[in-house]
Amino acid sequence: SSVQKFDVRPGSYDLVWCQWLLMYLTDADALDLLRRLRLGLAADGVLVVKENVSTPDKLTYFDDEEGELWEEGDPGGPVSCVRTEGHYEDLFQRAGLAVREQLVQKDPTGATMDMLLYALG
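Residues numbered from 1 in each chain as written. Predicted model: local features only at pLDDT ≥ 70, side-chain atom pairs only at ≥ 80, totals over all residues. Heavy atoms only, no water.

Caption draft 1: Representation of the nonpolar core in the model. Core analysis: the largest hydrophobic core is formed by 23 residues, its most contacted members being L22, L34, L47, V49 and F92. Contributing elements (two or more residues each) for this core: strand 1 (13-19), helix 1 (27-40), strand 2 (41-52), helix 2 (85-94) and strand 7 (115-120). Counting residues per element, this core draws most heavily on helix 1, at five residues. The contacts of V49, once residues within four sequence positions are left out, are C18, L22, L34, F92, L116, L117, Y118 and L120. (Core = buried A, V, L, I, M, F, W, Y, C linked by side-chain atoms within 4.5 Å. Buried < 20%, exposed > 50% of the residue type's maximum accessible area, 1.4 Å probe, protein only. Helix = DSSP H or I, 4+ residues; strand = E, 2+ residues; numbered from the N terminus. Contact = heavy atoms within 4.5 Å.)

And the structure:
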(Lines give C-alpha, C1' and ligand atoms only; values in the text may rest on other atoms or scores of the structure.)
Protein backbone atom coordinates (compact mmCIF):
# COMPACT_ATOMS: atom_id res chain seq x y z
CA SER A 1 0.00 0.00 0.00
CA SER A 2 1.10 3.60 -0.46
CA VAL A 3 1.40 6.39 2.08
CA GLN A 4 -1.44 8.13 0.25
CA LYS A 5 -3.70 5.25 1.35
CA PHE A 6 -2.23 4.77 4.84
CA ASP A 7 -5.04 4.55 7.39
CA VAL A 8 -4.23 6.92 10.25
CA ARG A 9 -6.14 6.15 13.44
CA PRO A 10 -7.31 9.41 15.09
CA GLY A 11 -5.67 10.30 18.41
CA SER A 12 -3.51 7.16 18.45
CA TYR A 13 0.12 8.18 18.08
CA ASP A 14 2.48 9.73 20.64
CA LEU A 15 5.24 10.03 18.03
CA VAL A 16 5.25 9.88 14.25
CA TRP A 17 8.62 10.13 12.49
CA CYS A 18 8.73 11.05 8.78
CA GLN A 19 12.24 11.18 7.34
CA TRP A 20 12.87 11.66 3.62
CA LEU A 21 9.22 10.92 2.88
CA LEU A 22 7.61 14.23 1.92
CA MET A 23 10.24 14.79 -0.77
CA TYR A 24 8.66 11.97 -2.76
CA LEU A 25 5.14 13.40 -2.55
CA THR A 26 3.43 16.17 -4.46
CA ASP A 27 2.37 19.20 -2.41
CA ALA A 28 -1.24 17.98 -2.52
CA ASP A 29 -0.32 14.49 -1.27
CA ALA A 30 2.07 15.89 1.36
CA LEU A 31 -0.61 18.26 2.64
CA ASP A 32 -3.19 15.47 2.77
CA LEU A 33 -0.78 13.22 4.70
CA LEU A 34 0.20 15.99 7.14
CA ARG A 35 -3.46 16.72 7.87
CA ARG A 36 -4.20 13.03 8.49
CA LEU A 37 -1.13 12.64 10.70
CA ARG A 38 -2.12 15.73 12.73
CA LEU A 39 -5.46 14.09 13.46
CA GLY A 40 -3.66 10.86 14.35
CA LEU A 41 -1.57 12.47 17.08
CA ALA A 42 -2.48 11.83 20.72
CA ALA A 43 -3.13 14.86 22.93
CA ASP A 44 0.58 15.61 23.47
CA GLY A 45 1.79 13.76 20.39
CA VAL A 46 4.63 14.97 18.20
CA LEU A 47 5.13 14.67 14.47
CA VAL A 48 8.81 14.79 13.48
CA VAL A 49 9.64 15.68 9.89
CA LYS A 50 13.26 15.48 8.70
CA GLU A 51 13.98 16.48 5.10
CA ASN A 52 16.67 17.91 2.88
CA VAL A 53 16.09 21.62 2.31
CA SER A 54 16.96 23.80 -0.63
CA THR A 55 18.88 27.01 -0.31
CA PRO A 56 17.08 30.35 -0.80
CA ASP A 57 18.97 30.95 -4.05
CA LYS A 58 17.86 27.61 -5.58
CA LEU A 59 14.28 27.74 -4.28
CA THR A 60 12.21 24.56 -4.51
CA TYR A 61 13.46 22.23 -7.23
CA PHE A 62 13.16 18.68 -8.53
CA ASP A 63 15.88 16.00 -8.59
CA ASP A 64 16.34 13.30 -11.23
CA GLU A 65 17.21 9.68 -10.45
CA GLU A 66 20.90 10.62 -10.19
CA GLY A 67 20.16 13.30 -7.59
CA GLU A 68 20.89 16.07 -10.07
CA LEU A 69 18.67 19.04 -10.87
CA TRP A 70 15.78 17.96 -13.11
CA GLU A 71 14.31 20.50 -15.49
CA GLU A 72 11.31 20.44 -17.83
CA GLY A 73 12.35 18.69 -21.05
CA ASP A 74 15.03 16.53 -19.42
CA PRO A 75 14.77 12.79 -20.15
CA GLY A 76 12.88 10.79 -17.57
CA GLY A 77 10.94 12.56 -14.90
CA PRO A 78 11.52 14.12 -11.53
CA VAL A 79 12.14 11.68 -8.69
CA SER A 80 12.01 13.97 -5.68
CA CYS A 81 11.17 17.52 -4.69
CA VAL A 82 13.66 19.52 -2.62
CA ARG A 83 11.62 22.24 -0.92
CA THR A 84 12.74 25.39 0.85
CA GLU A 85 12.29 25.95 4.57
CA GLY A 86 9.49 28.41 3.81
CA HIS A 87 7.78 25.88 1.53
CA TYR A 88 7.73 23.28 4.31
CA GLU A 89 6.52 25.79 6.87
CA ASP A 90 3.67 26.79 4.54
CA LEU A 91 2.64 23.14 4.19
CA PHE A 92 2.76 22.68 7.97
CA GLN A 93 0.65 25.77 8.58
CA ARG A 94 -1.91 24.75 5.95
CA ALA A 95 -2.11 21.32 7.62
CA GLY A 96 -2.88 22.96 10.98
CA LEU A 97 0.47 22.04 12.52
CA ALA A 98 2.63 24.31 14.68
CA VAL A 99 6.42 24.14 14.71
CA ARG A 100 7.46 23.32 18.30
CA GLU A 101 11.17 22.95 17.61
CA GLN A 102 13.45 23.15 14.59
CA LEU A 103 17.00 21.83 14.27
CA VAL A 104 19.46 22.14 11.40
CA GLN A 105 21.77 19.26 10.56
CA LYS A 106 24.77 20.53 8.58
CA ASP A 107 27.36 18.48 6.76
CA PRO A 108 30.69 19.73 8.15
CA THR A 109 32.37 18.90 4.83
CA GLY A 110 29.85 20.92 2.81
CA ALA A 111 29.44 17.97 0.44
CA THR A 112 25.70 17.60 1.03
CA MET A 113 22.84 19.97 1.62
CA ASP A 114 21.46 20.86 5.03
CA MET A 115 18.68 18.84 6.57
CA LEU A 116 16.00 20.30 8.81
CA LEU A 117 14.28 18.43 11.58
CA TYR A 118 10.93 19.80 12.67
CA ALA A 119 9.00 18.80 15.78
CA LEU A 120 5.37 19.59 15.05
CA GLY A 121 2.16 19.46 17.01
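Caption draft 2: Broad picture of the side chain of D64. Positionally, D64 belongs in the loop between strand 3 (61-63) and strand 4 (69-70). Despite being buried, D64 has no salt bridge partner; K58 is the closest side chain of opposite charge, sitting 12 Å away. At 2.9 Å, the side chain of D64 forms a polar contact with the backbone nitrogen of E66. Excluding residues that lie within four positions of it along the chain, D64 makes contacts with L69, W70, G77 and V79. (Lys, Arg positive; Asp, Glu negative; His and termini not counted. Salt bridge = Lys/Arg side-chain N within 4 Å of Asp/Glu carboxyl O. Polar contact = N/O pair within 3.5 Å; in protein donor to acceptor, adjacent residues only side chain to side chain.)

Caption draft 3: Main features of the packing of aromatic side chains. In this structure the tally under the stated criterion is four aromatic pairs. With centroids separated by 6.2 Å and ring planes inclined at 25 degrees, the aromatic side chains of Y88 and F92 adopt a geometry described as stacked. Here Y88 pairs with F92, and both are found in helix 2, just four residues apart, close to one helical turn. On the accessibility criterion, F92 (1% relative accessible area) is buried. Relative to Y118, the ring of Y88 has its centre 6.5 Å away and its plane inclined at 45 degrees; by these criteria the two rings are tilted. Here Y88, found in helix 2, pairs with Y118, found in strand 7; they are 30 residues apart in sequence, far enough to count as distant. In this structure, Y88 and Y118 share a single accessibility class: buried. Through a chain of ring-to-ring contacts, the aromatic side chains of Y88, F92 and Y118 assemble into a single cluster. (Phe/Tyr/Trp six-rings, centres within 6.5 Å; stacked < 30°, edge-to-face > 60°.)

Caption draft 4: Helix 1, seen in detail. Taking 1.5 Å per residue as the helical rise, helix 1 with its 14 residues ought to reach 20 Å, and the 20 Å between its terminal C-alpha atoms agrees with that figure. A30, L31, L33, L34, R36, L37 and G40 are the residues of helix 1 that are buried. Packing partners of the buried residues in helix 1 comprise strand 1, strand 2 and helix 2. (Expected span 1.5 Å × (residues − 1).)

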